[in-house]
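# Examination of the molecular architecture
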Amino acid sequence: MQCSDESEPLLTLQERSDLIDAEFSPPFVSCDPKLLSIFVVAFDTRAGNVVEWKYPESYSLTGVEFKALPSGAHNVQHDIMIFELASHFGLAAYIMKQVDNSAERGARMKSVGVISSNYLALTQHEEKLVELAHESVEQPGSYEQLIQYFAEFNQSFSVPVSLELKSNSVGSMYDLFKSQGVQIFTLWKMLLLKKRILLQCTPPISRQCSYVLCLAAICHSQFTQSYPLFYVTVNDMTTLNYKQSYIACSADMILKTKGTQVYDVYVTGNTVVDPQGEMFTVTRGDIIRYNQLCGAVDKEYGKKNTSEVDRLIQGYFSVLTTDLFNTLTSLMSGSRHMEPADLKDIRLHNSDLPYLQTLVDKLGYDVELFAPSCCEEHFSALI
């Protein structure tokens, strides 16, 4: 990975080891991961996306047909979607099969999914749902295996205890870090400000859903957390409008045109903009921190241990976030005045002061920031 030109001493081996050994808690976890519903969504050439079958029959799945079969699904052979539905969470496995059938226009597209109140419990169903989705396109109308899986799981489920990426998602944190570059610090800052963050995506959706979880992880601490909505559609506009903070991804491009109605930060690739389309400015402090983390990541990645790289990145942001809020809390009970040494201790830079002022004002910390002397460098900062 290529770092920026700004240089700064890299993390020491001990610092990297401490970060890798850090333990994390989930942003929020329901104590009940049992399945609430299992379903099949299909594309009908006349009716469009439809709920072909669900169990129990009485369970409401309004809108699931658009989340489990997203816009552009016809361009991929398979995918995995995670989404929120009526304050619960769903995971669906999508399969497209080429068929010699004019009624289906040559392609059979179906998703098999489950609903649970615990999103951390969902990934354990992924492998089985992929298998059931394959069976669904091969043997349409056969649902006995789905009912059996639903019943057997609810008799033997276990509660997840930590925020972990599923084994086949190892590397998602590293991929997010690579794809965003120094802008990952822009996103971290926006997460601490509790902004509504929307990622643009096209199928396959699975990687972007992993990125949503990664972003929720890097801002999580005892002081702050964000709400992952995962995949959303144009039908979620009301939800996006009233949510004060969230992280989500969408393939519905029309959402970008809705601006402040639905988001505060819009991410396309590694371009991060506000609702007016203006890019957020990268500060010198962002570049220094990026170089520091980039060097540590490159050393760890050289060992070909991608899971440890994921933990290193998450650990770095966990330490950064915790130190920042611990310092602000300590100052609140003491001098209430931040000195240059305090800023350095929490790995921030003079160029971060405008952002820090916005943060303390928004979150209600009664702390006075020092004014840089006229000979110190001034840089644009995130607002």
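The model shown is predicted, which means the values in this text are computed figures rather than measured ones. (Residues numbered from 1 in each chain as written. Predicted model: local features only at pLDDT ≥ 70, side-chain atom pairs only at ≥ 80, totals over all residues. Heavy atoms only, no water.)

What follows deals with the overall build of the protein. Helices and strands together make up the secondary structure of the protein, namely 12 helices and 12 strands. Here the protein, with 383 residues, has 52% of them falling under the buried criterion. Across the protein, every contact between residues at least 6 apart in sequence was considered, and the portion connecting residues at least 24 apart equals 68%. (Helix = DSSP H or I, 4+ residues; strand = E, 2+ residues; numbered from the N terminus. Buried < 20%, exposed > 50% of the residue type's maximum accessible area, 1.4 Å probe, protein only. Contact = heavy atoms within 4.5 Å.)

The side chains of a regular strand alternate, residue by residue, between the two faces of the sheet. The pairing of strand β7 (residues 228-231) with strand β8 (residues 246-250) spans three bridges and is classified as parallel. Bridging from a neighbouring strand, P228 pairs with I247 of β8. Regarding the hand of the β-α-β motif, the stretch spanning β7, helix α8 (residues 237-242) and β8 is right-handed. (Pairing = 2+ DSSP bridges. Right-handed = clockwise from strand over helix to strand, strands pointing away.)

Our next topic: the packing of helix α6 (residues 183-192) against helix α10 (residues 306-332). When two helices pack together, you describe them by how their axes are tilted relative to each other and by the distance separating the axes. Relative to each other, α6 and α10 sit at 45 degrees, their axes nearing to 12 Å. Comparing the axis directions of α6 and α10 gives the class oblique. Every pair of crossing elements has a handedness; the one defined by α6 and α10 is right-handed. Contacts between α6 and α10 involve I184, F185, W188 and L192 on the former and, on the latter, Y316, F317, L320, T321, L324 and F325. (Axes fitted to C-alpha atoms, helices over the stretch in contact; angles between N-to-C directions. Parallel < 35°, antiparallel > 145°, perpendicular 65-115°, else oblique. Left-handed = near helix turned anticlockwise from the far one by under 90°.)

The next thing to look at is the state of the cysteines. Working definition: the covalent bond between the sulfur atoms of two cysteines is a disulfide. Under the counting rule described, the total for this entry stands at zero disulfides. Not part of a disulfide, C201 finds its nearest cysteine sulfur in C249, a span of 4.2 Å. (Disulfide = S-S within 2.5 Å.)

Looking now at the packing of aromatic side chains. Per the stated rule, a full pass over the model turns up 14 aromatic pairs. Ring geometry for Y263 against Y266: centres 5.1 Å apart, planes inclined by 45 degrees, an arrangement best described as tilted. The structure contains a cluster of three or more aromatic residues connected by ring pairs, namely W53, Y55, Y143 and F150. Above the face of the Y355 ring, K189 is positioned so that its terminal group lies 5.2 Å from the ring centre. For K243, the ring lying beneath its charged end belongs to Y227, and the centroid distance is 4.1 Å. (Phe/Tyr/Trp six-rings, centres within 6.5 Å; stacked < 30°, edge-to-face > 60°. Lys NZ or Arg CZ within 6 Å of the ring centre and 35° of its normal.)

Take the pattern of salt bridges next. This model, assessed by the stated rule, comprises 12 salt bridges. Measuring nitrogen to oxygen at the nearest pair gives 2.9 Å for the salt bridge that ties K189 to D352. Placement of the pair is K189 in helix α6 and D352 in the loop between α11 (340-345) and α12 (353-363), with a sequence separation of 163 residues. Both residues of the pair, K189 and D352, belong to the buried class. Here R196 makes a salt bridge to D264, at a shortest N to O gap of 3.0 Å. Taken together, the residues span a long stretch of sequence, with R196 in strand β6 (residues 196-200) and D264 in the loop between β8 and β9 (265-268) at a distance of 68 residues. (Salt bridge = Lys/Arg side-chain N within 4 Å of Asp/Glu carboxyl O.)

The next thing to look at is helix α9 (residues 284-301). Residues spaced three or four apart along an α-helix point in a common direction, a consequence of the helix completing one turn every 3.6 residues. Taking 1.5 Å per residue, 18 residues should reach 26 Å; α9 reaches 25 Å between its end C-alpha atoms and fits that length. Burial of α9 is extensive: 13 of the 18 residues sit out of reach of the surface. (Expected span 1.5 Å × (residues − 1).)

Of all five residues in β8, five are buried, a share of seventy percent or more. The alternating pattern of β8 places Y246, A248 and S250 and I247 and C249 on opposite faces, both of which are buried.

Before going further, it helps to spend a moment on the environment of L240. Topologically, L240 is positioned in helix α8. Since its relative accessible area comes to 0%, L240 is described here as buried. C-alpha separation for the pair L240 and R196, spaced 44 residues apart in sequence, amounts to 8.1 Å. Beyond its immediate chain neighbours, meaning those up to four positions away, L240 contacts R196, L229, V232, Y246, L255, Q261 and V262.

Turning next to unusual backbone geometry. For the peptide bond that leads from Y55 to P56, omega is -10 degrees, which places it in the cis range. Note that P56 resides in the loop between β2 (48-55) and α2 (64-67). The linkage connecting P203 with the following residue, P204, adopts the cis geometry, with an omega of 5 degrees. With respect to the helices and strands, P204 occurs in the loop between β6 and α7 (206-218). One non-glycine residue, S87, adopts positive backbone phi at about 70 degrees. Of note, S87 is situated in the loop between β3 (78-85) and β4 (88-98). Of note in this structure, R336 is not a glycine but carries a positive phi near 60 degrees.

For α7, which comprises 13 residues, the first-to-last C-alpha distance of 19 Å matches the rise-based estimate of 18 Å (1.5 Å per residue) to within 8%. Judged by how many residues are buried, α7 sits mostly within the fold: 11 of 13 residues are covered. Those residues of α7 that sit buried are Q208, C209, S210, Y211, V212, L213, C214, L215, A216, A217 and I218.

Here S136 shows up in helix α3 (residues 126-138). Note on S136: relative accessible area 5%, which makes it buried. Once the C-alpha coordinates of S136 and I95 are considered, the two residues, 41 residues apart in sequence, prove to be 8.9 Å apart. Other than its neighbours up to four places away in sequence, S136 contacts V40, K110 and V112.

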